Amino acid sequence: MRIRFTAQDVAQLRAGEVDARLLATLAALSSQYSFSVTAFGHASPGVAVLYRGVTISGASKNLTAALTLVKAQVPPYLPAQAGLVPPAGLSIEFAAPSPLGLLTAVLDRATR
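What comes next concerns the included structure. Note that the structure is a prediction, hence the values are computed from the model and not measured.

The rules behind the values
Residues numbered from 1 in each chain as written. Predicted model: local features only at pLDDT ≥ 70, side-chain atom pairs only at ≥ 80, totals over all residues. Heavy atoms only, no water. Salt bridge = Lys/Arg side-chain N within 4 Å of Asp/Glu carboxyl O. Buried < 20%, exposed > 50% of the residue type's maximum accessible area, 1.4 Å probe, protein only. Pairing = 2+ DSSP bridges. Helix = DSSP H or I, 4+ residues; strand = E, 2+ residues; numbered from the N terminus. Core = buried A, V, L, I, M, F, W, Y, C linked by side-chain atoms within 4.5 Å. Contact = heavy atoms within 4.5 Å. Phe/Tyr/Trp six-rings, centres within 6.5 Å; stacked < 30°, edge-to-face > 60°.

**Here's the deal with the pattern of salt bridges**
So, point 1. The final tally for this structure, using the stated rule, is one salt bridge.
So, point 2. Across the pair R21 and D19 runs a salt bridge, and its minimum N-O distance is 2.8 Å. In terms of burial, R21 and D19 fall into one category: buried.

In structure tokens:
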């Protein structure tokens, strides 16, 4: 399975501008479905915050199944809003603020 991104979406990902919860959700969805990211977004346009929302498009049956998967998540990966949008899209949005440390590398240090 795979995800297709626009050039703008790729730039936002590379710049670290996408919420970690959204990244984890997209990774989980892409393990089962193919889709295209239509746009990243957030509830506060014009404010310098991470993108907490996404709209994806794909096959209707896949989007319905993906919505079920998204709504079955537990906090902090349960979105504030998720639903199907016409004509064939799925909108997912997480609440602010974005929790810190969800994708932080964990380093093991040998104890002596």
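Once you've had a look at it, read on.
**Side note on the pairing of strand 3 (residues 53-57)**
So, point 1. Relative to strand 3, strand 2 (residues 35-41) is paired through five bridges, and the arrangement is antiparallel. What sits directly across from V37, in strand 3, is I56.

**Overview of the nonpolar core**
So, point 1. In this structure, L29, F40, V54, I56 and I92 are the most contacted members of the largest nonpolar core, which totals 19 residues.
So, point 2. Listed by contribution, the elements that provide at least two residues to this core are helix 2 (20-30), strand 2, strand 3, helix 3 (60-71) and strand 5 (89-93).
So, point 3. Broken down by element, the residue count for this core peaks at five residues, all from helix 3.
So, point 4. Not counting chain neighbours up to four residues away, the residues in contact with L29 comprise F35, I56, A66, L69, V70 and I92.

**Overview of the sheet that holds strand 4 (residues 81-85)**
So, point 1. Strand order across the open sheet formed by five strands is 1-2-3-5-4, with mixed pairing between neighbours. At either margin of the open sheet sits one strand with a lone partner, and together these are strand 1 (3-4) and strand 4.
So, point 2. For strand 1 and strand 2, the ladder comprises two bridges, and the chain directions are parallel. Bridged to I3 within strand 2 is F35.

**Focus: the side chain of Q12**
So, point 1. Structurally, Q12 can be placed in helix 1 (residues 7-14).
So, point 2. Residue Q12 is classed as buried on the basis of its relative accessible area of 7%.
So, point 3. For Q12, the contacting residues outside a window of four places in its chain are E17, V18, F40 and Y51.

**A look at the packing of aromatic side chains**
So, point 1. Under the criterion given, the structure shown has one aromatic pair.
So, point 2. Between F5 and F40 the ring centres are 6.5 Å apart and the planes differ by 25 degrees, which places this aromatic pair in the stacked class. Linking F5 in the loop between strand 1 and helix 1 with F40 in strand 2, this pair joins segments that are 35 residues apart in sequence.
So, point 3. Owing to a relative accessible area of 9%, F40 belongs among the buried residues under this scheme.

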